[in-house]
Amino acid sequence: MIELSRAVYDDIVYHAYGGGEAEVCGVLAGTHGTDGEPSVVTDTYQAENVADTPQIRYLIDPEEQFELIETIEGDGLDVVGFYHSHPTGPTHPSETDAARATWPDHSYVICALDGYPFVGSWRWRGDEEAFEQETVSVRSER
């Protein structure tokens, strides 16, 4: 399970809408859940999509990703995973998403915009099982 604060959920959806026809992407930070504990996402860190075909792919520049991870760790947070959008669907990871996943036991959140926005999450297991869908919970902030 992954828990998103309302602000994080809104950040992901608004970032996705702001990308227009191009996929957007970023890093999720908070507390990385292990051993059945949920991951809790408190912050998003937007990244530039440097893919050659951003309408159907996303790619975070390795140097930018490294800098974002250093910032996240410097802020005392864990990398929980990554997010990106699918401006025209699907609502699940594509074959390319699975082929490019490199962080085992981390979450990959997708915001699909084909119709009403759908935010789903999958944990990459790093094996032939690839992605395992996880429950997304949105926490109201108090």
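Residues numbered from 1 in each chain as written. Predicted model: local features only at pLDDT ≥ 70, side-chain atom pairs only at ≥ 80, totals over all residues. Heavy atoms only, no water.

Naming follows an unreviewed UniProt entry, where the chain appears as Desampylase of Halorubrum rutilum.

Moving on, we come to helix H1 (residues 6–18). The first and last C-alpha atoms of H1 sit 18 Å apart over 13 residues, in line with the 18 Å expected at 1.5 Å per residue. Immediately beyond the C-terminal end of H1, within one or two residues, lies Gly20, with a positive phi of roughly 60°. (Helix = DSSP H or I, 4+ residues; strand = E, 2+ residues; numbered from the N terminus. Expected span 1.5 Å × (residues − 1).)

Moving on, we come to the sheet that holds strand E1 (residues 2–5). Two orientations exist for strands paired in a sheet by backbone hydrogen bonds: parallel and antiparallel. In spatial order, the strands read E7-E6-E5-E4-E2-E3-E1-E8; together these 8 strands make up an open sheet with mixed pairing. Because the sheet does not close on itself, it has two edges, and the strands there are strand E7 (131–134) and strand E8 (136–139). Adjacent strand axes in the sheet meet at a mean angle of 35° when their direction is disregarded. Here strand E2 (residues 25–31) pairs with strand E3 (residues 39–47) via 7 bridges, running antiparallel. (Pairing = 2+ DSSP bridges. Axes fitted to C-alpha atoms, helices over the stretch in contact; angles between N-to-C directions.)

All right, on to the nonpolar core then. One broad rule of soluble globular proteins: the nonpolar side chains tend to lie buried together. Core analysis: the largest hydrophobic core is formed by 20 residues, its most contacted members being Val27, Tyr45, Ile72 and Tyr108. Beyond its immediate chain neighbours, meaning those up to four positions away, Ile72 contacts Val27, Ala29, Tyr45, Leu77, Asp78 and Val79. With 16 residues, the next largest nonpolar core counts Ile2, Val8, Cys111 and Val119 among its residues. (Core = buried A, V, L, I, M, F, W, Y, C linked by side-chain atoms within 4.5 Å. Buried < 20%, exposed > 50% of the residue type's maximum accessible area, 1.4 Å probe, protein only. Contact = heavy atoms within 4.5 Å.)

The next subject is the layout of surface pockets. By volume, the largest pocket amounts to about 440 Å³. Of all the elements in the fold, those that place two or more residues in the lining of the largest pocket are helix H2 (62–74), strand E4 (78–86) and helix H3 (95–100). Per-class residue counts for the lining of the largest pocket are 11 nonpolar, 9 polar and 4 charged. (1 Å grid on protein atoms, 1.4 Å probe; cavity = no way out; pocket = protein on both sides within 12 Å on 5 of 7 lines; lining within 4 Å. Points joined across faces, edges and corners; volume = space filled by probe spheres on them. Nonpolar A, V, L, I, M, F, W, Y, C, P; charged D, E, K, R; others polar.)

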